[in-house]
Amino acid sequence: DTAVSQTPKYLVTQMGNDKSIKCEQNLGHDTMYWYKQDSKKFLKIMFSYNNKELIINETVPNRFSPKSPDKAHLNLHINSLELGDSAVYFCASSQTGLGEQYFGPGTRLTVT
Amino acid sequence: SQQGEEDPQALSIQEGENATMNCSYKTSINNLQWYRQNSGRGLVHLILIRSNEREKHSGRLRVTLDTSKKSSSLLITASRAADTASYFCATDANGGFKTIFGAGTRLFVKA
C-alpha cells in the first residue's frame, strides 16, 4: 500500500487555468504538508496542516488554496496559473510537526 | 533566507569510497534530518538527530551534529552505485511544522 499518494503525477495546462492536486496518506499521521520544488531542486515549504488546521502558510500567493477535508487528505487548488508555478509539488505527512516526513511521489506541473 | 545550506553542491566518487556531505543552518533547532531523493522521485527519510545528540549511526550512514557551529555532516561509507541521489538536510523552525530544506548535495557514485 502506498503511504502517501498524489494525483495526478503530471499536469500540463495553460496560463490562467485553475487546477487541483490531491494528496492522501494512510499512515494515520496528524500533520500534512505541501512543498514546491523548483528546477534547481530547491524544496520550499508552502503549507502545513495539523489535525485539519492550517499551521503554516509560507507567504504563498492566495491563488493557492489548500483544503483538508479530514486528517488523511490535503488537497491543493491553484487559481489563475502562471508560468512561474511550473514546478514539482510534493505532499508529505508526519506524526508530529517535528518528526520524520513521508513524501508522496510528486506532481510535475507544467504551465504553458 | 534558507535555513540549511549544504556543501558540496555535487560530489562524484568511485564505488567503495566514502562520501561526506555537510550542512549548515542558522537558528536553533529541535532536530536535524537527512533525506535522499532519487531522480524523479519523492524524498525518503534517512536519519533524524536530536539537538542533544552529537552522533548517530544507521547502517552505512553516520551523522554528526555540532550545535555550537550550527552544522551537521552525513557520511556514507562504502558507497554503492545505488547511493547515487541528491541528499538534503532539513531543520525545523517556528517550533515545528515548518521544515527548512537545504539546497542539497548531488552524489554520483561510479561503478
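Values in this document were obtained by computation on a predicted structure and should not be read as measured data.

Engineer: Account for the environment of B:T64, naming residues and giving values.
Structural biologist: Residue and element names in this part refer to chain B. Position of T64 among the secondary structure elements: in strand β7 (residues 61-66). Sequence separation between T64 and L32 is 32 residues, and the spatial gap between their C-alpha atoms is 9.9 Å. Setting aside chain neighbours within four positions, we find T64 in contact with I49, R54, E55, S71, S72 and S73. Side-chain polar atoms of T64 contact the side chain of S73, separated by 2.6 Å.

Engineer: Report on the state of the cysteines, specifying residues and quantitative values.
Structural biologist: By definition, a disulfide links the sulfur atoms of two cysteines through a covalent bond. Residue and element names in this part refer to chain A. The final tally for this structure, using the stated rule, is 2 disulfides over all chains. Bridging C23 to C91, the disulfide has an S-S length of 1.8 Å. Between C23 and C91, the S-S dihedral sits near -70°, and the bridge is therefore left-handed. Remark: C91 occurs in strand β9 (residues 87-94) and C23 occurs in strand β3 (residues 19-25); sequence separation between them is 68 residues. Residue classification places C23 among the buried residues on the basis of a relative accessible area of 1%. Overall, C91 belongs to the buried group, its relative accessible area being 0%.

Criteria and thresholds
Residues numbered from 1 in each chain as written. Chains lettered and ligands numbered in written order. Predicted model: local features only at pLDDT ≥ 70, side-chain atom pairs only at ≥ 80, totals over all residues. Heavy atoms only, no water. Helix = DSSP H or I, 4+ residues; strand = E, 2+ residues; numbered from the N terminus. Contact = heavy atoms within 4.5 Å. Polar contact = N/O pair within 3.5 Å; in protein donor to acceptor, adjacent residues only side chain to side chain. Disulfide = S-S within 2.5 Å. Buried < 20%, exposed > 50% of the residue type's maximum accessible area, 1.4 Å probe, protein only.

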